[in-house]
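Here's the letter readout for the chains.
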Amino acid sequence: GWTGTGDFVGITPSKENQSGQVGSGVLDTCQAGCDAAEGTVTSASFTIDHHYLDVLVGGGNHPLDGAMPTAVAVLVNGNIVASVTGNNSGSLNWQAMDLSAYQGQQAQLQIIDKSDGSNGWGHLFVDNPVLSDTRAAGWANQTGANLIVNGQVVRSATGNSSPGLDWAN
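Described in the following lines is the structure provided in the data block. None of the values given here were measured: they were computed from a predicted structure.

Before going further, it helps to examine the overall build of the chain. A tally of helices and strands in the chain yields 0 helices and 12 strands. Reading the chain from its N end, one meets helices and strands in the order β-β-β-β-β-β-β-β-β-β-β-β. Burial analysis of the chain (169 residues in total) assigns 36% to the buried set. Considering only residue pairs separated by 6 or more positions, the chain has 77% of its internal contacts joining residues 24 or more positions apart. Approximately 9,300 Å² of the chain is accessible, and the part contributed by carbon and sulfur atoms is 49%.

See the structure below:
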């Protein structure tokens, strides 16, 4: 149910394995010319029946108000009401768009890639858009272990910044 324009006509999910990905494929605009490819990919209409649209996004951090945007947007009546960008990396992380003001209305999700790559990370990775009443929190990047007793952290241990394992107490 997705429609592509420009270089993204006929785009299909990529079967790569990006960090943070939850599905078996991602929508990756690094197809058909990679960073030089430009266009949009728009979903079928859906009803906004939750407060947030949470989506995993990676790739270019180029907001819509810039010269060459790479963004994921929500359209209501053809107008952009919310958007998020990537994080200038190949790792996908959760982004949340607050749609509480548009409850009950029809919307579309649109991936916008108008970057030719000259601004760095000229493409996007998009995975698992989901309507939710909870704002998505980013993936945890903690690299330690906590001992929790009665809900309180009483001891913590971290690695030694090397690939080798070592005991901690």
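With that out of the way, let us pick up the environment of Leu-124. Here Leu-124 lies in strand β10 (residues 124–132). Residue class for Leu-124 comes out buried when judged on its relative accessible area of 0%. Sequence spacing of Leu-124 and Ala-71 is 53 residues, and the spatial spacing of their C-alpha atoms is 7.5 Å.

Moving on: a nonpolar patch on the surface. A cluster of nonpolar residues, Leu-147, Val-149 and Val-154, forms a patch on the protein surface that exposes about 230 Å² of accessible area. Given the relative accessible area of 41%, Val-149 is considered partly exposed.

Before going further, it helps to examine the packing of aromatic side chains. Within this structure, the stated rule accounts for 1 aromatic pair. Between Trp-121 and Phe-125, the ring centres sit 6.5 Å apart and the planes meet at 70°, which makes this aromatic pair edge-to-face. Owing to a relative accessible area of 32%, Trp-121 belongs among the partly exposed residues under this scheme.

It is worth spelling out the sheet that holds strand β2 (residues 27–28) at this point. The strand order across the open sheet formed by 4 strands is β2-β10-β5-β8, and the pairing between neighbours is antiparallel. Where the open sheet ends on each side, the last strands, each with one partner, are β2 and β8 (89–98). Pairing of strand β5 (residues 52–59) with β8 involves 7 bridges; the strand directions are antiparallel. Counted as the bridge partner of Val-55 is Gln-95 from β8.

A separate point is the pairing of strand β7 (residues 79–85). On any regular strand, side chains alternate: one points to one face of the sheet, the next to the other face. Of the pairings in the sheet, the one linking strand β6 (residues 70–76) to β7 comprises 6 bridges and is antiparallel in character. For Val-76, the partnering residue across the bridge sits in β7 and is Asn-79. Connecting β6 to the next strand, β7, in antiparallel fashion are 2 residues, including Asn-77 with a positive phi near 55°.

So, about the pairing of strand β9 (residues 106–113). For β9, a buried count of 6 out of 8 residues is recorded, marking the element as mostly surrounded by other parts of the structure. Summarising the sheet, strand β3 (residues 39–42) and β9 pair through 4 bridges and their orientation is antiparallel. Following the sheet pairing, Gly-39 is matched in β9 by Asp-113. Pairing analysis gives 2 bridges linking strand β4 (residues 46–47) to β9, with the strands arranged antiparallel. By the bridge assignment for β9, Phe-46 is matched with Ala-107. As paired elements, β6 and β9 share 7 bridges and run antiparallel to each other. What sits directly across from Ala-71, in β9, is Ile-112.

Calculation rules
- Residues numbered from 1 in each chain as written.
- Predicted model: local features only at pLDDT ≥ 70, side-chain atom pairs only at ≥ 80, totals over all residues.
- Heavy atoms only, no water.
- Helix = DSSP H or I, 4+ residues; strand = E, 2+ residues; numbered from the N terminus.
- Buried < 20%, exposed > 50% of the residue type's maximum accessible area, 1.4 Å probe, protein only.
- Contact = heavy atoms within 4.5 Å.
- Areas by Shrake-Rupley, 256 points an atom, 1.4 Å probe, with all protein chains shown as cover.
- Patch = residues over 30% accessible without salt bridge, like charges linked within 9 Å, V, L, I, M, F, W, Y side chains within 5 Å.
- Salt bridge = Lys/Arg side-chain N within 4 Å of Asp/Glu carboxyl O.
- Phe/Tyr/Trp six-rings, centres within 6.5 Å; stacked < 30°, edge-to-face > 60°.
- Pairing = 2+ DSSP bridges.

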